[in-house]
Amino acid sequence: MEDRGSQQMRNLLAAVFLGIFSYFLIHSMFNFDIIPGTSYIYNLKGPLIAPNMVTVVLFDWRAYDTLGEAFILITAVFTTGILFGRGVLGGDVSQKDTTPVRPPTVVQKIFSAPLVFIIVALGLVLTLGGHITPGGGFQGGSVIATAFFLSVVVFGFKHNVFSISHHNLERLEGIGALIYLCLGLVGLAVSGYYLYNVGANIYPLGVGETLQELLKYPDSTNAGIIPYLNIGIALKVLSGFCTIATLLMGAEKK
Amino acid sequence: MSTLIGVLVIALVLGVVLGTFIRGDYFNAKTYATVVGLSIFIDVMMGSFPFYTWEIGMELPVSGIFFSIIVGLLIGKAIGGK
């Protein structure tokens, strides 16, 4: 009886929120103010903030773009957790016996272990070269996560080659988010704009260079904090995707 | 990361960190030989990608970052790999 009452309450709440969401959706559809192109804003506001347009597009606002992608990933992890994480979130799924029904073949056994090394290395190369070549933190983190997928699919969780426990995933995600947050705050402190690109060349420190000179953004050929943001995002994306894989592998039909 | 040395050090550190998550159950001498052989092959084929240069302006004919990461992964596995 109590279950029935709580279910009715849940349905009522869902209906109310659906109504509110529908109202705002319809309201925004009829009162949509079209901005004349994103490039208009870029051209108008960009050079007032950053040294030039190249810096604006390639470096400063790219960090915002990545921040949005990271939020999408967080939403995906939450959604997967809500839909498939029943019974998984309470404990460490890596301790569960999720050995594949079919044992790995000889080819899988021989090639998986070396491939994990190579895939992780390629992912890190993509991450570290992301500011001067095609790639970046998101792509690099995704590639590293595929090493986790490969070993989980072939060996299961208990005998996994690339084994990251749930606690370590949390730590990696926390470190990645902190790197991003702190670097963004440095930009805020220096220029008044969150994630503003600043100089990050630390090796002249100790030879008469002050902190203010260190954080001064030299020119548009300098990557500034972007490589470090890439590392933070790679850790975050890696842990996000691995969490999704963990939740999906540990999902049980009850 | 504005110098090659800085990138190599960061690559080594990240390699060590991720290498600690790689377990040793399926690794033997042949596996390590395969990893090293494949790595050298890929390293040479990558060339100077991703185009970091020494301070003297010379580009390395091999990918120093890739090599550094592989060394870091091997060290990390030796340290923390079960």
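Residues numbered from 1 in each chain as written. Chains lettered and ligands numbered in written order. Predicted model: local features only at pLDDT ≥ 70, side-chain atom pairs only at ≥ 80, totals over all residues. Heavy atoms only, no water.

## Overview of the interface of chain B and chain A
Okay, so step 1: Taken together, the contact pairs 31 residues of chain B with 33 residues of chain A.
Okay, so step 2: Counting each side, the surface lost to burial between chain B and chain A is near 3000 Å², with a carbon and sulfur contribution of 82%.
Okay, so step 3: Counting the contacts that link chain B with chain A gives zero salt bridges.
Okay, so step 4: For the pair chain B and chain A, the number of links is three residue pairs in polar contact (both at pLDDT 80 or more).
Okay, so step 5: Elements that contribute at least two residues to the side of chain B that touches chain A include exactly helix 1 (4–19), helix 2 (29–46) and helix 3 (64–80) of chain B.
Okay, so step 6: Within the side of chain B that touches chain A, the residues separate by chemical class into 23 nonpolar, six polar and two charged. (Contact = heavy atoms within 4.5 Å. Buried area = accessible area lost by both parts, 1.4 Å probe. Salt bridge = Lys/Arg side-chain N within 4 Å of Asp/Glu carboxyl O. Polar contact = N/O pair within 3.5 Å; in protein donor to acceptor, adjacent residues only side chain to side chain. Helix = DSSP H or I, 4+ residues; strand = E, 2+ residues; numbered from the N terminus. Nonpolar A, V, L, I, M, F, W, Y, C, P; charged D, E, K, R; others polar.)

## Let's talk about the confidence of the model for chain A
Okay, so step 1: Mean pLDDT over chain A: 79, with 76% of residues reaching 70 or higher.
Okay, so step 2: Mean pLDDT across the secondary structure elements of chain A bottoms out at helix 2 (residues 38–49) of chain A, with 67, and peaks at helix 5 (residues 137–155) of chain A, with 91. (pLDDT = per-residue confidence, 0-100.)

## Some remarks on the nonpolar core
Generally speaking, soluble globular proteins have nonpolar side chains that are buried together.
Okay, so step 1: Within the largest apolar cluster, 45 residues are counted, with the highest numbers of intra-cluster contacts made by A:Val120, A:Phe162, B:Leu18, B:Ile22, B:Ile65, B:Ile69 and B:Leu73.
Okay, so step 2: For this core, the secondary structure elements donating two or more residues are helix 4 (106–128), helix 5, helix 6 (166–191) and helix 8 (226–250) of chain A together with helix 1, helix 2 and helix 3 of chain B.
Okay, so step 3: Ranked by the residues each element gives to this core, the list is headed by helix 4 of chain A, at ten residues.
Okay, so step 4: Counting residues in hydrophobic clusters, the runner-up holds 16 residues, among them A:Leu73, A:Leu183, A:Tyr196 and A:Ala200. (Core = buried A, V, L, I, M, F, W, Y, C linked by side-chain atoms within 4.5 Å. Buried < 20%, exposed > 50% of the residue type's maximum accessible area, 1.4 Å probe, protein only.)

## Notes on unusual backbone geometry
Okay, so step 1: Of note in the backbone geometry, A:Leu195 takes a positive phi value of approximately 65 degrees without being a glycine.
Okay, so step 2: Classification of A:Leu195 by relative accessible area gives buried; the value is 2%.

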